[in-house]
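# Breakdown of the fold
So the chains spell out like this:
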Amino acid sequence: MKIRNSQPVVWNGLHDHTLKPEDADVVIMGLPFDKATSFRKGAAEAPDRIRLVSGHISPTTEEGKSLADIKVLDIGDMAPERLSQEEYFISVEEKASELFKISFPTFVGGDHSVSIPLIKAALGVYGEKLGVIHLDAHLDLCEELDGNRLSHGCTHRRVMEGNCLSFNNICFAGIRSFEQQELEFLNGLQANILTAAEISRLGIEKTADMISKCLQHCEVYYLTLDIDFLDPATAPGTGTPKPGGFTSRELFILLKELSSLKFIGMDVVEVSPPLDQNDITSFAAQRAITEAWGYFL
Ligand SMILES: [Mn+2]
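Quick look at the structure, then.

Conventions used here
Residues numbered from 1 in each chain as written. Predicted model: local features only at pLDDT ≥ 70, side-chain atom pairs only at ≥ 80, totals over all residues. Buried ≥ 20, exposed ≤ 12 C-beta atoms within 10 Å, placed from the backbone. Helix = DSSP H or I, 4+ residues; strand = E, 2+ residues; numbered from the N terminus. Pairing = 2+ DSSP bridges. Core = buried A, V, L, I, M, F, W, Y, C linked by C-beta atoms within 7 Å. Contact = placed C-beta atoms within 7 Å. Axes fitted to C-alpha atoms, helices over the stretch in contact; angles between N-to-C directions. Arc of directions from axis to C-beta. Parallel < 35°, antiparallel > 145°, perpendicular 65-115°, else oblique. Nonpolar A, V, L, I, M, F, W, Y, C, P; charged D, E, K, R; others polar.

## Here's the deal with the pairing of strand β2 (residues 72–77)
Put simply, side chains in a regular strand alternate between the two faces of the sheet. When you tally the buried positions in β2, you get five out of six residues, the bulk of the element. As paired strands, strand β1 (residues 26–31) and β2 are joined by four bridges and run parallel to one another. When the sheet's bridge partners are listed, valine 26 is paired in β2 with valine 72.

## A look at the nonpolar core
Counting residues in hydrophobic clusters, the biggest one holds 91 residues, and the most contacted among them are Ile119, Ala122, Tyr221, Tyr222, Ile227 and Val268. Considering every element that reaches this core, the biggest residue donor is helix α9 (residues 280–296), with eight residues. With residues up to four places along the chain from it excluded, the contact list for isoleucine 227 reads Ala235, Thr238, Val268, Glu270, Val271, Thr281, Ala284 and Ala285.

## Quick notes on the sheet that holds strand β8 (residues 263–269)
Consider a sheet: its strands pair through backbone hydrogen bonds, and that pairing is either parallel or antiparallel. In spatial order, the strands read β2-β1-β3-β8-β7-β4-β5-β6; together these eight strands make up an open sheet with parallel pairing. One side of each edge strand has no neighbouring strand; the edge strands of this open sheet are β2 and β6 (192–195). Taken pair by pair, the neighbouring strands of this sheet meet at an average axis angle of 15°, ignoring direction. Relative to strand β3 (residues 104–109), β1 is paired through six bridges, and the arrangement is parallel. Paired with glycine 30 across the bridge in β3 is valine 108. Here helix α7 (residues 204–214) sits on the sheet and contacts β4 (130–135), β5 (170–175) and β6; the angle it forms with β5, its principal contact strand, is near 155°.

## Regarding α7
Residues of α7 that are buried: Ile204, Thr207, Ala208, Ile211 and Cys214. With its buried residues spanning 130° around the axis, α7 presents them on a single face. Residues Glu205 and Lys213 are exposed on α7 and point more than 90 degrees away from its buried face. Those residues of α7 that are buried lie in contact with β4, β5, β6, α6 (196–202) and α8 (248–257).

## Description of the packing of helix α1 (residues 46–54) against α9
Put simply, α1 and α9 touch, their axes get as near as 9 Å, and they point 75° apart. Here α9 runs roughly perpendicular to α1, going by the angle between their axes. In contact with Arg49, Ile50, Val53 and Ser54 of α1, α9 contributes Ser282, Phe283, Ala285 and Gln286. For the contact of α1 with α9, the class distribution of residues is four nonpolar, three polar and one charged.

Structure (structure tokens):
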């Protein structure tokens, strides 16, 4: 496995390769892995594509906040090389644990299975203080999918194994797709699920209040953003798009409304450049990262 250096002008020009990781406010790591998708691949190409578009955007948020003082270090990609998925995830969890201890890590997937080791690493560092906010069209609560227990449809089942993450400590928002096995699993369980239809009825501000309320016993928060939270019209470049999603406008307002929470890291997953149109989806992901830094740091 190698972690290679990325090109210099990336991340709104903020990436400074001379920084030591412990001196950075944000450490970025790419996870070019898409072997656990259930349908269409391409997410392994996302870290490089999002870096490419990120070099062409100013270090300011959409409301004119300057990010020029944020120290950003992109440590490159952690690629699976010849490792099995299990072995790869062990290495990712180890590396992510280091990063959570020193900075606000921003991980760029990869399919959503990569959040398994990332959230486990955050749990290892923050324990039950951690709340997870899952923005996604899907729940990712399958026991297994296509014979793979580490599928991108199984993320939170694996994270919750061994009572690592309690159901009380995760809020699912944007959901508009359920597998039969997920319905069976959820039967009788209390889960914090805000469907896309419900969010549409509530409005974004009330949605943010609901998320904060569900997780008010937590002290720190991790955001896992599956780009298919957005509508396919807004983000077509993703493996399993679902109609009825959100605009980037709504996503950015949601990030703003959640900004009073103390976020300790985030990931953006499921961007698939080969399925994209004119990089719309990579730009949306890059912008979401920029706005999140503006609000969370
Ligand atoms: Mn999804």
